[in-house]
Amino acid sequence: MISLGTPAQNFSMVFDTGSSDMWVPSLGCVTPVCLTLTRYNATASSSYRVEGKALNVKYGDGSVVTGVTGVDRMLVSGVPIANQSFGMASADDSTIAKTGVEGVVGLGFGRVANVKSFTTAMETMLAQKTILQPIVSLWMGRQRMGGSTEGSGGAVIFGGVDTTKYVGNFTWAPITDKNAWKIRFDAVSIAGKNLDLSGNALVDSGTSLIVVPTKVASIFHDHIPGAIEVPQVGWILPCNTSAGDLNFTIAGQQFRVPAEELVVLFRIPGYAEYCKSAIDVADSATDTDWILGASFLKNVYSVFDYRGLAVGFAQPSNVYNSLANITLLPNLSNPSQGQGSGGSTNGTEGTGNGSTSVNGSSQTLSGSCAFFYACMAVIASMTVFFSNI
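Conventions we followed
Residues numbered from 1 in each chain as written. Predicted model: local features only at pLDDT ≥ 70, side-chain atom pairs only at ≥ 80, totals over all residues. Heavy atoms only, no water. Disulfide = S-S within 2.5 Å. Buried < 20%, exposed > 50% of the residue type's maximum accessible area, 1.4 Å probe, protein only. Pairing = 2+ DSSP bridges. Helix = DSSP H or I, 4+ residues; strand = E, 2+ residues; numbered from the N terminus. Axes fitted to C-alpha atoms, helices over the stretch in contact; angles between N-to-C directions. Salt bridge = Lys/Arg side-chain N within 4 Å of Asp/Glu carboxyl O. pLDDT = per-residue confidence, 0-100. Contact = heavy atoms within 4.5 Å. Phe/Tyr/Trp six-rings, centres within 6.5 Å; stacked < 30°, edge-to-face > 60°. Lys NZ or Arg CZ within 6 Å of the ring centre and 35° of its normal.

A.B. asks: Whenever I open this one, the state of the cysteines confuses me. Can you help?
C.D. replies: Covalent bonding between the sulfur atoms of two cysteines defines a disulfide. By the definition in use, this model includes 2 disulfides. With a sulfur-sulfur separation of 2.0 Å, cysteine 29 is cross-linked through a disulfide to cysteine 34. Here the S-S torsion is close to 75°, and the disulfide linking cysteine 29 with cysteine 34 is therefore right-handed. For the pair formed by cysteine 29 and cysteine 34, the shared burial category is buried. What pairs with cysteine 239 in a disulfide is cysteine 275, and their sulfur atoms sit 2.0 Å apart.

Written as structure tokens, this is what we have:
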């Protein structure tokens, strides 16, 4: 959740590394879906000012959001960000709106935003020196068969990391496209069998699944016992699949997606004991362009480095339910491809200190005014709930 305006108006948001624009629904959006959401009221905010740039965003699922931009005070984890530009949607048929989430905070690069000459929230934070390190880190909880969940859902941290949520060093993959968090993967295997696949993948926290070209999806599912393709549904597989683990090799390091994480926990009508596959199809994708969404990201701790133009992955720890040690990322210095530094807790601390309550547990935080959110992955997006510093 974020807040906009004076007094503050609160909005639940998706924090999306696959897009750059930021928007919320406005009072001008009167569709049936919009009427179920909190809508931004510009006239109720004493800090609002008109900007008037066109907002016209089309997402990969075909949904469209249109409106105009305004400028207002933004609160992130209780910390004010002055004069943040954002879209005020007057038309919103987005998938996230249908799940009850109000808007999107794009974590991509402002230079490729749909809004002309847009300054992202991350860019504003850096310009105002609200954070010192130009990074966003992300971890997600994992839901297990039977409905049990590891952790409160996860956290997005601006300007720092939680050193209790990962182990070992970070592996850094430079981005292959200066305008997107797209990296190269060198190999893919399932159940120990090399699938002879490689290419580029967008690391996208706003997508719930692993999205691949049609023929690649067939290759994957040929190695999952019982997997079948169903018209209007896509690939499904036994909910208790016995497939082996899926492994991606990135910058020389393997990252594992456990077999049980290939199962999306909802049933398919007419197919008893079958569930949706976490490997989805994008007909428009090329043979070498993939999307690594939440089904991958919840099995790593990830850092997006805006200065080094790289994505770092570390193996997740088994520590859940609380944000325990938020600090600057130790030894961050324009990482190159391969192993980088991480896992240490003796990095220089910044000036932003405070405490939070996550699931009722009070924790002390240190770092460069690192912002944090308790969040929950949902189908097609990540819902973010708010915890105050």
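Read on, since the account is not over.
A.B. asks: Got a minute to help me understand the sheet that holds strand β19 (residues 234-238) in this structure?
C.D. replies: Note on sheets: strands pair through backbone hydrogen bonds, and any given pair is parallel or antiparallel. Ordered by their spatial adjacency, 4 strands build an open sheet running β18-β19-β23-β22, and the pairing between neighbours is antiparallel. Of all the strands in the sheet, just β18 (228-230) and β22 (263-268) have a single pairing partner and so form its edges. Going from strand to strand, the sheet's axes swing by 45° on average, the running direction of each strand aside. Two strands pair when backbone bridges link them, and β22 and strand β23 (residues 271-277) are joined in this way by 4 bridges, in the antiparallel orientation. Residue pairing for β23: arginine 267 is matched across the bridge by cysteine 275.

A.B. asks: Any chance you could explain the pattern of salt bridges here in plain terms?
C.D. replies: Pairing is possible between side chains that carry opposite charge, provided their charged atoms lie close to one another. What the rule picks out here adds up to 6 salt bridges. Notably, a salt bridge pairs arginine 184 with aspartate 186, separated by 3.6 Å at the nearest N-O pair. Given the relative accessible area of 40%, arginine 184 is considered partly exposed. A relative accessible area of 38% means that aspartate 186 is categorised as partly exposed. Notably, a salt bridge pairs arginine 256 with aspartate 245, separated by 3.0 Å at the nearest N-O pair. You can see arginine 256 sitting in strand β21 (residues 253-257) and its partner aspartate 245 sitting in the loop between β19 and β20 (246-250), a full 11 residues away along the chain. Taking relative accessible area as the criterion, aspartate 245 reaches 27% and is therefore assigned partly exposed.

A.B. asks: Teacher, can you tell me more about the confidence of the model for the protein here?
C.D. replies: Detailed reading of the predicted model is not advised wherever pLDDT is low. Across the protein, pLDDT averages 82, with 79% of residues at or above 70. Every residue in residues 334-389 scores below 50 in pLDDT, and together they form 195 contacts with partners more than four places removed in sequence or on other chains.

A.B. asks: Just to check I follow, could you spell out the sheet that holds β21 for this structure?
C.D. replies: Spatially, β15-β14-β20-β21 is the arrangement adopted by the 4 strands of the open sheet, whose pairing is antiparallel. A single partner strand is all that each edge strand has here, and the edge strands are β15 (193-194) and β21.

A.B. asks: Would you mind going over the environment of isoleucine 157 with me for this structure?
C.D. replies: Residue position: isoleucine 157 is located in strand β10 (residues 149-158). Taking the relative accessible area as the measure of exposure, isoleucine 157 reaches 0% and is therefore buried. It is 5.6 Å that separates the C-alpha atoms of isoleucine 157 and valine 136, two residues lying 21 residues apart in sequence.

A.B. asks: I keep staring at the environment of threonine 6 and nothing clicks. Help me out?
C.D. replies: Inspection of the secondary structure puts threonine 6 in the loop between β1 (2-4) and β2 (9-11). Judged by relative accessible area, threonine 6 falls into the partly exposed class, the value being 29%. Sequence separation between threonine 6 and methionine 74 is 68 residues, and the spatial gap between their C-alpha atoms is 9.0 Å. Excluding residues within four positions of it along the chain, threonine 6 makes contact with Ala44, Ser45, Ser46, Ser47, Asp72 and Arg73.

A.B. asks: Whenever I open this one, the packing of aromatic side chains confuses me. Can you help?
C.D. replies: The description of an aromatic ring pair rests on the distance of the ring centres and on the angle between the ring planes. Counting across every chain of the model gives 19 aromatic pairs. Aromatic side chains tyrosine 40 and tyrosine 48 sit 6.2 Å apart centroid to centroid with 55° between the ring planes, which places their arrangement in the tilted category. Its relative accessible area of 1% is what places tyrosine 40 among the buried residues. Judged by relative accessible area, tyrosine 48 falls into the partly exposed class, the value being 22%. A ring pair is formed by tryptophan 181 and phenylalanine 304, whose centres lie 5.3 Å apart and whose planes are at 70°; its orientation type is edge-to-face. Within this pair, whereas tryptophan 181 is found in the loop between β12 (166-174) and β13 (182-185), its partner phenylalanine 304 is found in strand β26 (residues 301-305), the two being separated by 123 residues in sequence. Taken together, the ring pairs in this structure connect Phe185, Phe220, Phe248, Phe255, Trp290, Phe296 and Phe313 into an aromatic cluster. Above the face of the phenylalanine 109 ring, arginine 111 is positioned so that its terminal group lies 4.6 Å from the ring centre.

A.B. asks: Just checking my understanding: could you explain unusual backbone geometry for this structure?
C.D. replies: Excluding glycine, residues mostly carry a negative phi; peptide bonds, for their part, are mostly trans. In this chain, threonine 6 is followed by proline 7 through a cis amide linkage whose omega measures 0°. Inspection of the secondary structure puts proline 7 in the loop between β1 and β2. In this structure, lysine 129 is a non-glycine residue whose phi angle is positive, near 55°. One can find lysine 129 in the loop between α2 (121-127) and β9 (135-143). One non-glycine residue, glutamine 232, adopts positive backbone phi at about 70°. The topology assignment puts glutamine 232 in the loop between β18 and β19.

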